[in-house]
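Structure at a glance
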Amino acid sequence: MTKIDTPQEIDRTVLCVSARPDELLGKFLAASGWQAAHAKTTAIAERMIERDNIKVGLIELPEDCTLQYLSALEACMRRMETNWVAQIAPGQSDNELVSRFILDYCFDFVTRPCLNERLIFALGHAHGLSNLRKTQVTPEPSMGRHEMVGQCEAMLQLYRHIDKCAVTDAPVFVAGESGTGKELTARAIHVRSPRSAQAFVAINCAAIPPTLLQAELFGHERGAFTGAVQRKTGRIESAHQGTLFLDEIGDMPHECQAVLLRFLQEGTIERLGGTSEIKVDVRVISATHVDLEKAVEDGRFRSDLYHRLCVLRLVEPPLRERGGDIKLLANYALSMYRQDGSRKIRGFSSDAVKAMSNYGWPGNVRELINCVRRAVVMSEGRFITATDLGLPQSANAPVATLAEIRSKAEKDAIEQALQRHGYKLSEAAADLGVSRATLYRLMHANRVNQDGAAGRASDTAAPQNDDDSERDTPLVSVSTH
Ligand SMILES: Nc1ncnc2c1ncn2[C@@H]1O[C@H](COP(=O)(O)OP(=O)(O)OP(=O)(O)O)[C@@H](O)[C@H]1O
Ligand SMILES: [Mg+2]
């Protein structure tokens, strides 16, 4: 015999949040197959939701509820796993504050008195939807083994390359556009290398004035130059036995390149103003968003230094080539910043997903994360839209079919010819290479206005005998090659 789930057999607990327990409500719910749990405050409600994994909540909104009151409810109502039904007084939905709150945080609402079928229907629906979410929604994306989000083929290959680079001490150069994750890659290599217990020292060569860069890298002795009031250990020395990450190496000034090359060749440094050579054991990883090969070609970067740094070379894929990872990263950013928004944001609308995958992301992952963060704050609804993301609207425009393109081109050609010839059909038809009858028929089919034809009735009148042989000849053909 088929076993049927009765309401009691699936967990049908409804958490009622109100100042005091409502006995009548409790009895009504019990008679309808629901078990009522009561929470006096939102703090208690939050703990109960977490502990008992409650899927449905019933929140009583007092008639005189204020913004402060509603704000206090938000913390526990924001949780994705619970669907809330609000219980309001008659007419209370006209209150803008209340209606906005319901729209943002509740699945449904019922008007008091509400011990009726409508309430049971709303609770059942909320419960069903909650279950659906559990089974359908993919878990929030989390950092993978390499502390990066991404599963596309290009990223999987990058992970494999990171693992290979991690086991050797050879210098690695990481290429890639700005914001693609070059620093994350450098850190991932270090963390997986035998040097992981020692320091990872990063220096941004573009952010330090050229005159100070050398002192920053190599350190200086006291009195080495004006202002050198005490001895300073350089970044290279600080990275001893660890990893040195030279970020934006493409912006390193020429004189500094020469000293760096010496260090890479000999494994020793000399502090500015110092006399002794210091042996340093450092693994070097470098990165830049500029085209280093081009910089070498143009003479802006020493080729001998380039070959020293680029023993192993990794390339970060640009975000626009990562396919489904765009959505994954957007969800990851949403999970990071969801709490920043004033509303309970459930995800991205389908137009937003489409716009994100159509956009070129020149600022790559950094741009995507910032874009989602801004949208979380600015969003007006429960789902982030393309407009919230500030993405170009054209990115959302549906692609026109060939028939649509052809029809639009035909209509444009007719309109332009008519305008050129002051709406004289015979002349426009001759210009377009069709008979007057064909032009008339095409105007009709394309709903081309005959404005401007007034006073030329004889010319615009429908031809009496449609003797034309070009009936099926399109005015405009579109090549598919
Ligand atoms: N795959 C990823 N998963 C999660 N976060 C990422 C990923 N890639 C990049 N990020 C994040 O994007 C931002 C930019 O990353 P990172 O600084 O490593 O890029 P970059 O290539 O060094 O950029 P730039 O060339 O501007 O220095 C950081 O906040 C980083 O945490
Ligand atoms: Mg960087």
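This one's a predicted model, so the numbers in the text were calculated from it and none came from an experiment.

Scoring rules and cut-offs
All residue numbers here refer to positions counted from 1 along the written sequence of the relevant chain. Here the convention is simple: chains get letters from A, ligands get numbers from 1, in the order in which they are written. With the structure being a predicted model, the display of local features is reserved for residues of pLDDT at least 70 and the display and counting of side-chain atom pairs for 80 or more, all residues being used for whole-chain, interface and lining totals. A run of H or I in DSSP counts as a helix once it spans at least four residues, and a run of E counts as a strand once it spans at least two, with each numbered from the N terminus. Whether a residue is buried, exposed or partly exposed follows from its count of other C-beta atoms within 10 Å of its own C-beta, namely 20 or more, 12 or fewer, or something in between, respectively; the C-beta atoms are built from the backbone. Any residue pair is listed as a contact if its two C-beta atoms, each placed from the backbone, are within 7 Å. At least two bridges found by DSSP between two strands are what make those strands a pair. Here the expected span of a helix is defined as 1.5 Å times the quantity of residues minus one. Picture the helix axis, draw a direction to every C-beta atom, and the arc is the one those directions span. Fitted lines through C-alpha atoms serve as axes, helices being fitted only where they are in contact, and the angles separating the N-to-C directions of these axes extend from 0 to 180 degrees. For each residue, a C-beta atom is positioned from the backbone; the residue is called near a molecule or strand if that atom sits within 6 Å of it. Ten residue types, Ala, Val, Leu, Ile, Met, Phe, Trp, Tyr, Cys and Pro, are classed as nonpolar, four, Asp, Glu, Lys and Arg, as charged, and the remainder, Gly among them, as polar. Under this scheme an angle from 65 to 115 degrees is roughly perpendicular, one under 35 degrees roughly parallel, and one over 145 degrees roughly antiparallel; angles in between are oblique. Handedness of a crossing follows from how the near helix is turned relative to the far one, being left-handed for an anticlockwise turn of less than a right angle and right-handed for a clockwise one. Think of pLDDT as the predictor's per-residue confidence, scored from 0 to 100. Each nonpolar core consists of buried Ala, Val, Leu, Ile, Met, Phe, Trp, Tyr and Cys residues. Their C-beta atoms, within 7 Å, join them into a set. The split of the chain into domains comes from an automatic or database domain assignment.

Here we look at the overall build of the chain
Of the regular secondary structure elements, the chain holds 20 helices and 16 strands. Burial analysis of the chain (481 residues in total) assigns 31% to the buried set. Sequence-distant contacts in the chain: of pairs separated by 6 or more residues, those separated by 24 or more amount to 73%.

As for the pairing of strand β13 (residues 283–288)
In terms of residue burial, β13 counts as a mostly covered element, since six of its six residues are buried. Going residue by residue along β13, you find Arg-283, Ile-285 and Ala-287 tucked away on one face and Val-284, Ser-286 and Thr-288 tucked away on the opposite face as well. As paired strands, strand β6 (residues 172–175) and β13 are joined by four bridges and run parallel to one another. Paired with Ala-175 across the bridge in β13 is Thr-288. Pairing between strand β10 (residues 243–247) and β13: four bridges, direction parallel. Bridging from a neighbouring strand, Leu-246 pairs with Ser-286 of β13.

Let's talk about helix α6 (residues 153–166)
An ideal rise of 1.5 Å per residue puts 20 Å on 14 residues; α6 measures up with 20 Å between its terminal C-alpha atoms. Residues Met-155, Leu-158, Ile-162 and Cys-165 constitute the buried set of α6. Viewed end-on, α6 has its buried residues packed into an arc of 75°, placing them on one side of the element. In α6, the exposed residues that point more than 90 degrees away from the buried face are Glu-153, Leu-156 and Arg-160. Where the residues of α6 are buried, they touch β6, α7 (182–192), β14 (312–315) and α13 (325–337).

Looking at the sheet that holds strand β7 (residues 200–204)
Sheet architecture is open: five strands sit in the order β7-β10-β13-β6-β14, paired in parallel fashion. Since the sheet does not close on itself, it has two edges, and those belong to β7 and β14, each with one partner. The sheet shows a mean angle of 20° between the axes of neighbouring strands, direction not considered. Judged from the four bridges that link them, β6 and β14 form a sheet pairing that is parallel.

Points about the site of ligand 1
Near ligand 1 lie 15 residues; those nearest to it are Met-148, Gly-181, Lys-182, Glu-183 and Val-365. Going through the elements one at a time, α7 and α15 (364–378) are the ones with two or more residues in the shell around ligand 1. Broken down by class, the residue content of the shell around ligand 1 amounts to five nonpolar, seven polar and three charged.

Observations regarding the packing of α13 against helix α14 (residues 350–358)
Here α13 crosses α14 at 120°, and the two axes come no closer than 9 Å. Judged by the inter-axis angle, α13 sits oblique to α14. At the point where α13 passes α14, the crossing takes the right-handed sense. Packed against α13, whose contacting residues are Ile-326, Lys-327 and Ala-330, the element α14 presents Val-353, Met-356 and Ser-357 at the interface. In terms of residue class, the contact of α13 with α14 is built from four nonpolar, one polar and one charged.

A word on the sheet that holds strand β2 (residues 35–39)
Neighbouring strands of a sheet are bound in pairs by backbone hydrogen bonds; such pairs are parallel or else antiparallel. Spatially, the five strands line up as an open sheet ordered β2-β1-β3-β4-β5, and their pairing is parallel. Taken across any chain shown, the strands that pair with only one partner, and hence form the sheet edges, are β2 and β5 (108–111). Shown here is a sheet whose adjacent strand axes are inclined to one another by a mean of 25°, direction ignored. In the sheet, strand β1 (residues 13–17) pairs with β2 via five bridges, with the strands oriented parallel. Bridge pairing in β2 places Val-14 opposite Ala-36.

Focus: the confidence of the model for the chain
Confidence along the chain averages 83 in pLDDT terms, with 86% of residues attaining 70 or more. Here residues 452–481 is a poorly scored stretch, pLDDT under 50, and it has 42 contacts once near neighbours within four places are set aside; other chains count.

Overview of unusual backbone geometry
Glycine aside, negative phi is the norm for most residues, and most peptide bonds take the trans geometry. Here the amide bond leading from Arg-112 into Pro-113 is cis, since omega sits at -5°, within 30 degrees of zero. Looking at the secondary structure, you find Pro-113 in the loop between β5 and α5 (117–136). Positive phi values are uncommon outside glycine, yet Asn-364 reaches one of about 55°. Checked against the element boundaries, Asn-364 lands in helix α15. Here Asn-364 falls in the buried class, since 23 other C-beta atoms lie within 10 Å of it.

With respect to the nonpolar core
If you look at the biggest cluster of nonpolar residues, it comprises 60 residues, and the most contacted ones within it are Val-174, Leu-329, Ala-330, Met-356, Leu-368, Val-372 and Leu-389. Taken together, domain 2 (158–315) and domain 3 (320–396) each give at least three residues to this core, which thus spans both. Apart from the residues lying within four places of it in its own chain, the contact partners of Leu-389 are Ala-352, Ala-355, Met-356, Cys-371, Ala-375 and Ile-384. With 31 residues, the next largest nonpolar core counts Ile-54, Val-56, Leu-73 and Cys-76 among its residues.

Side note on the environment of Ala-122
Examined against the element boundaries, Ala-122 turns out to sit in helix α5. Using a count of 22 C-beta atoms within 10 Å as the deciding quantity, one classes Ala-122 as buried. As a C-alpha pair, Ala-122 and Phe-109 span 13 residues in sequence and 7.7 Å in three-dimensional space. In this structure Ala-122 touches Val-85, Asp-108 and Val-110, once residues within four positions along its chain are discounted.

Some words on the environment of Val-311
Here Val-311 is to be found in the loop between α12 (303–309) and β14. In this structure, the C-alpha to C-alpha distance between Val-311 and Ala-170, residues 141 residues apart in sequence, is 6.5 Å. Val-311 has contacts with Ala-170 and Pro-171, leaving out every residue within four places of it along the chain.

Notes on the packing of α13 against α15
Orientation of α13 relative to α15, taken along the N-to-C sense of each, is 50°, at an axis distance of 9 Å. On the basis of the axis angle, α13 is oblique to α15. Relative to α15, α13 is oriented so that their crossing is right-handed. Between α13 and α15, the residues in contact are Ile-326, Leu-329, Ala-330, Ala-333, Leu-334 and Tyr-337 and Val-365, Leu-368, Ile-369, Val-372, Arg-373 and Val-376, respectively.

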